[in-house]
Amino acid sequence: MTYTDNELFGVVPIIPTPFTENEEIDEDALRRLIDFAIDGGIKAVCLPAYASEFYKLTDEEKLQVVRVAVERAAGRLKIVAQSNHPSLKVAIKLAQANVKAGADVISLAVPRIFSLPENSLKAYLSEFLQSIPDTPVLIQDFNPGGSSISVGFIKELMDENPNFKYLKLEEPLCAPKFESIIQATNDRIGLFEGWGGLYMLELVPIGIRGVMPGLAVADILQKIFTLRSGGDDVKAFELFERVMPQIFFSLQNMELFHYAEKELLIARGVLSNSIARKAAYIPDPSSVSYIRELNQRILDIVGDEKYAIRPVENSIV
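So, a few notes on the structure that sits alongside this text. (Residues numbered from 1 in each chain as written. Predicted model: local features only at pLDDT ≥ 70, side-chain atom pairs only at ≥ 80, totals over all residues. Heavy atoms only, no water.)

1. Some details on the sheet that holds strand β1 (residues 10-11)
Strand order in the open sheet made by the eight strands is β1-β8-β7-β6-β5-β4-β3-β2, with parallel pairing throughout. Unpaired on one side and paired on the other, β1 and β2 (44-47) mark the two borders of the sheet. Sitting on the sheet, helix α4 (residues 118-131) touches β4 (105-109), β5 (137-141) and β6 (164-169), and the angle it makes with β4 is about 165 degrees. (Pairing = 2+ DSSP bridges. Helix = DSSP H or I, 4+ residues; strand = E, 2+ residues; numbered from the N terminus. Contact = heavy atoms within 4.5 Å. Axes fitted to C-alpha atoms, helices over the stretch in contact; angles between N-to-C directions.)

2. Considerations on the pattern of salt bridges
For the structure on display, the rule yields 21 salt bridges. Its salt-bridge partner being aspartate 35, residue arginine 76 comes within 3.3 Å of it at the nearest N-O pair. Here arginine 76, found in the loop between α2 (59-73) and β3 (78-82), pairs with aspartate 35, found in helix α1 (residues 27-39); they are 41 residues apart in sequence, far enough to count as distant. Between glutamate 170 and lysine 168 there is a salt bridge, with the nearest N and O atoms lying 3.7 Å from each other. A cluster of three or more residues bridged by salt bridges with shared partners is formed by Glu53, Lys56, Glu255 and Lys262. (Salt bridge = Lys/Arg side-chain N within 4 Å of Asp/Glu carboxyl O.)

3. Some remarks on the pairing of β3
Burial analysis of β3 places four of its five residues in the buried class, the great majority of the element. Across four bridges, the pairing between β2 and β3 is parallel. In the strand pairing of β3, alanine 44 is matched with lysine 78. With α2 bridging β2 and the parallel β3, this β-α-β connection has right-handed handedness. Of the pairings in the sheet, the one linking β3 to β4 comprises three bridges and is parallel in character. For alanine 81, the partnering residue across the bridge sits in β4 and is isoleucine 106. Viewed along the sheet, the connection from β3 through helix α3 (residues 88-101) into β4 turns out right-handed. (Buried < 20%, exposed > 50% of the residue type's maximum accessible area, 1.4 Å probe, protein only. Right-handed = clockwise from strand over helix to strand, strands pointing away.)

4. Here we look at the nonpolar core
Ranked by internal contacts, the top residues of the largest apolar core, which has 102 residues, are Phe128, Phe164, Leu167, Ile220, Leu221, Ile224 and Val243. With seven residues, α1 is the largest single contributor of residues to this core. The contact partners of phenylalanine 164, leaving out residues within four places of it in the chain, are Leu129, Val137, Ile139, Ile154, Leu157, Met158 and Ile189. Counting residues in each nonpolar core, the second largest holds seven residues, with Phe249, Tyr259, Ala260 and Val288 among its members. (Core = buried A, V, L, I, M, F, W, Y, C linked by side-chain atoms within 4.5 Å.)

5. Thoughts on the side chain of asparagine 84
Inspection of the secondary structure assignment puts asparagine 84 in the loop between β3 and α3. The exposure class of asparagine 84 is buried, given its relative accessible area of 4%. Residue contacts for asparagine 84: discarding those within four places in its chain leaves Phe54, Lys62, Leu94, Ser107, Leu108 and Ala109.

6. Structural notes on the side chain of glutamate 23
Mapping glutamate 23 onto the fold places it in the loop between β1 and α1. Among the polar contacts listed, one links the side chain of glutamate 23 to the side chain of lysine 278, at a separation of 2.8 Å. Residue contacts for glutamate 23: discarding those within four places in its chain leaves Ile275, Ala276, Arg277 and Lys278. (Polar contact = N/O pair within 3.5 Å; in protein donor to acceptor, adjacent residues only side chain to side chain.)

7. Some points on α4
Helix length check: α4 (14 residues) gives 20 Å between terminal C-alpha atoms against 20 Å at 1.5 Å per residue, within 8%. For α4, the complete set of buried residues consists of Leu121, Lys122, Tyr124, Leu125, Ser126, Phe128, Leu129 and Ser131. Tucked inside the fold, the buried residues of α4 contact α3, β4, β5, α5 (151-160) and β6. (Expected span 1.5 Å × (residues − 1).)

Set out below in structure tokens:
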């Protein structure tokens, strides 16, 4: 399938929410994160998602980070605006405000606070999609307590809603399901893998559109995605094996991920602190030491000329 410049493709990282010492949103730091993505060759980013601590932000703050990102991007990359809320009414208001702010794509996580039957989820998602009919939508399903939405559900939602363009799933052993979705939808839904890109080498040959990892290793994963997509499997595996320890360790706990991600962004010269809003993970000394060791390994990868991953200069202003 041939993809156009108007479609999401490749690595679409999640932008973390940077905070000041008093846990207010640091807009200047957020602008640096957008610049970092652009300098790394990234074509689209997403916020505020789970890796942005969206669940700790007020609704106004969720809109704030999207507005800042859209303004800073200034068309240099696409902004995927996550508009999550368990209340459909509020989710629609967020989505419509994000469209008005200039977001290119709207993303929505399937509400998973409590278990709901698929007919309830379909009513929620359908009305959401119909509220912004002229804007492409990415549906995310992260359901640690059970299976994600079914293939039949996905096809019905696509057939009834032309703006349902992308789907992000985050679960292990999902290759057969991804293949079934591609077949059932005739590859009309762009499939993205989440969970830090941990399963990307398995899924790229199947035909996924891209991955949605953390920002701090996005340029490296973009290189891996390009190598694997182009058939250079040896180099893809070699590079992935070097970055995997950092991804695997940080994803043991979502709050640990926030700390590790921001610490790596400090190491890469983008952020000046790793503050997450409380309640936040407080790492023990051994974890702090190990994360520093892992981060140094990432810096070594970026500095290794044989991978041709351009390091991003310190952009703090």
